[in-house]
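Results of the structural survey
Residues per chain are reported as follows:
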Amino acid sequence: MELIPRLLLIFVKFVAIFASTLQSAYIWACGRRIRSYGLPANINPLLALSIQELRTRLCRRQITAVDLVDAYIDRIKLVNSRLNAVVSERFAQALRDAANVDERIAAAGENVAQLFEKQPLLGLPVTVKESCALANMSFTVGSLARSEQKATADGVVVARIRAAGAIPLLVSATPEYCYSTDTDTLLNGRCVNPFDFERTPGGSSGGEGALIGAGASLFGIGSDIGGSIRIPSFFCGIFGHKPTGGVVTPAGHFPDSSDADFQQYLVVGPMSRFAVDLPQLLELMAGEQAVQLRLHEPLQLNQLQVHYALGFQGLNGWMHQQVEPEIKASILKAVQHLQKQEVPVHQAKLSGFDNSLEIALGGIARLRQMPFLLDAGPAAGAESKVRETLKQLVQSLYGKSCYTTNALIFDLMRRCNAFMSVQKLEKYQREALALTRELTQLLGENGVLLFPTMHAPAPKHGWTPLQLWGVDYTLLFNVLGLPATHVPMGLNGKGLPIGFSVVAAPYQDRLCLRVAVELERAFGGWQSPNAKKT
């Protein structure tokens, strides 16, 4: 990377550190600091069941949709006063929807199974990331400027899940414009991590991560352009799948863009406590495109070839973040288990990852027609827009801006082409294409790569700008178009969730999901947040 862009990156990183320190001090001084005393334990057995188990019980009339929906509403009310993950709810309507489902099940008589064949999610509650658009619900996406916005229609994926019979309960919190890995906005306030209220749940699907991680949602609809499903899944200890680029449409999402690369980078996908539920959710979300994924093809574990890497260590890239030892250990634990199952395992050599951060940020910098937080006007030049963004960034450090610091940093990176010249952007675009070919050839139709989702678990509130320099662990795979599933692997010594991603070649999502199901079986998957004091 050129010297001047390097210095600019270092400068922005310094601003991020300063902003984080100042924000944390301000929060402490104003008494906003929250101690984590844990969430109340779940006592309703319905909340411990997967989609598959619940569907069976509904079909056999062993439970009612009203009882199920009511159980999740009660749990949401119990935990949200602490999590602040809900933007807007439709609980009363959801209970009416559930009552209608119960009437249909009762009227179906012996043909009840046919109802669930046509609508496999019939009567099952779902939560929706606000940016994915749920008709007649809040569509602010954490922005003061959009505070009165409501979705006029369901996003395409939301509509597909509703058509399958699911009952939406609410829309959940996001960062401003989804432009951050921390769900903390001036409009909605701070969403917290269910495992430690002093830490972030991640972003941009942070509200979904918090609710699902707290056992307050059966499954969620999230979106991912740079890790926005996988990072909250990692921080909150749940499963989350980023589909192959272009397979699951983002139509109806905000922010949006007509840019062809944007339509590949941004995907909508499932988040859940249960890996066994992910394949069907992905199939329903993908619609007609699901046929490309061959999700119903039989796949034995020993048919896989597993590759693994413990991060970017040993490569030449100067900005690579080092992975914490407990995350590395979780990968090695999975490797040992798979070897015992007679699965071939190889340590990967990833020379093409040397410039991973530049490739990742360069992909975002090339996007066009993607909305910025603020615009200095149609007559203003690019330099004026950069100056105004910088002005707002400085003002945000002192609480004088109507925009959040994290989102402004992201905006500034985009306006400045990630501090890279056009020639460098083109160079890293060529490297991205070469790396996609390299990984596609390496993984083929039966290979997966075990790789850190992020270099460290959930950080404290106010320190998330520093995570920008580890975002290549996730953003890279959006730019490359590869599918990736985050797999939770228990808690570290501080009681925080850890885990890693399973990556495959394009359209080989089923391989990621197969490994996730096996590791859930072997290691237990999601763990409930500790109800004791921390």
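Residues numbered from 1 in each chain as written. Predicted model: local features only at pLDDT ≥ 70, side-chain atom pairs only at ≥ 80, totals over all residues. Heavy atoms only, no water.

An unreviewed UniProt entry lists the chain under the name Fatty-acid amide hydrolase 2-A, with Drosophila arizonae as the source organism. Under the heading Sequence similarities (unreviewed entry), UniProt records this for the chain: "Belongs to the amidase family." (UniProt positions renumbered as here; feature names shortened; annotations may be inferred.)

1. So, the environment of Pro120
Along the chain, the position of Pro120 falls in the loop between helix H5 (112-118) and strand S2 (125-129). In this structure, Pro120 is in contact with Arg55, Ala164, Gln280 and Leu284, ignoring residues within four places of it in sequence. (Helix = DSSP H or I, 4+ residues; strand = E, 2+ residues; numbered from the N terminus. Contact = heavy atoms within 4.5 Å.)

2. Thoughts on the pairing of strand S9 (residues 305-308)
Across four bridges, the pairing between S9 and strand S11 (residues 447-451) is parallel. Paired with His307 across the bridge in S11 is Leu449. Where S9 lies against strand S10 (residues 345-347), three bridges are found, and the strand directions are parallel. Note on S10: the bridge partner recorded for Tyr308 is Gln347. (Pairing = 2+ DSSP bridges.)

3. Structural notes on the confidence of the model for the chain
Here the chain shows a mean pLDDT of 91. Residues at 70 or above account for 89%. The model gives residues 23-36 a pLDDT under 50, and that stretch makes 21 contacts with residues more than four places away or in other chains. (pLDDT = per-residue confidence, 0-100.)

4. So, the packing of helix H11 (residues 325-340) against helix H17 (residues 509-523)
It is at 11 Å that the axes of H11 and H17 come closest, and there the two elements cross at 95 degrees. Regarding the angle of H11 to H17, the classification is roughly perpendicular. Here H11 contributes Lys333, Ala334, His337 and Leu338 to the contact with H17, which in turn contributes Glu518, Leu519, Arg521, Ala522 and Phe523. When the residues that make up the contact of H11 with H17 are grouped by side-chain class, the tally is five nonpolar, one polar and three charged. (Axes fitted to C-alpha atoms, helices over the stretch in contact; angles between N-to-C directions. Parallel < 35°, antiparallel > 145°, perpendicular 65-115°, else oblique. Nonpolar A, V, L, I, M, F, W, Y, C, P; charged D, E, K, R; others polar.)

5. Some remarks on the pattern of salt bridges
Tallied over the full model, the rule gives eleven salt bridges. In this structure, the salt-bridge partner of Asp184 is Arg190, at a minimum N-O distance of 3.0 Å. Between Asp411 and Arg414 there is a salt bridge whose closest N-O contact spans 3.8 Å. On the criterion of helical spacing, the pair formed by Asp411 and Arg414 is a turn pair, its members being three residues apart in helix H14 (residues 405-415). The exposure class of Asp411 is buried, given its relative accessible area of 0%. (Salt bridge = Lys/Arg side-chain N within 4 Å of Asp/Glu carboxyl O. Buried < 20%, exposed > 50% of the residue type's maximum accessible area, 1.4 Å probe, protein only.)

6. Here we look at the side chain of Arg146
Summarising the element assignment, Arg146 is placed in the loop between S2 and helix H6 (156-163). For Arg146, which is buried and forms no salt bridge, the nearest opposite charge comes from Glu130, at a distance of 7.2 Å. From its side chain, Arg146 meets the backbone oxygen of Thr140 in a polar contact 3.4 Å long. Those residues in contact with Arg146 that sit more than four places away from it in its chain are Phe139, Thr140, Val141, Tyr177 and Phe254. (Lys, Arg positive; Asp, Glu negative; His and termini not counted. Polar contact = N/O pair within 3.5 Å; in protein donor to acceptor, adjacent residues only side chain to side chain.)

7. Concerning the side chain of Thr140
Residue position: Thr140 is located in the loop between S2 and H6. Looking at Thr140, the relative accessible area reads 4%, which means it is buried. Ignoring sequence-local partners within four residues, the contact set of Thr140 consists of Glu130, Arg146, Ser147, Gln149, Leu187 and Asn188.

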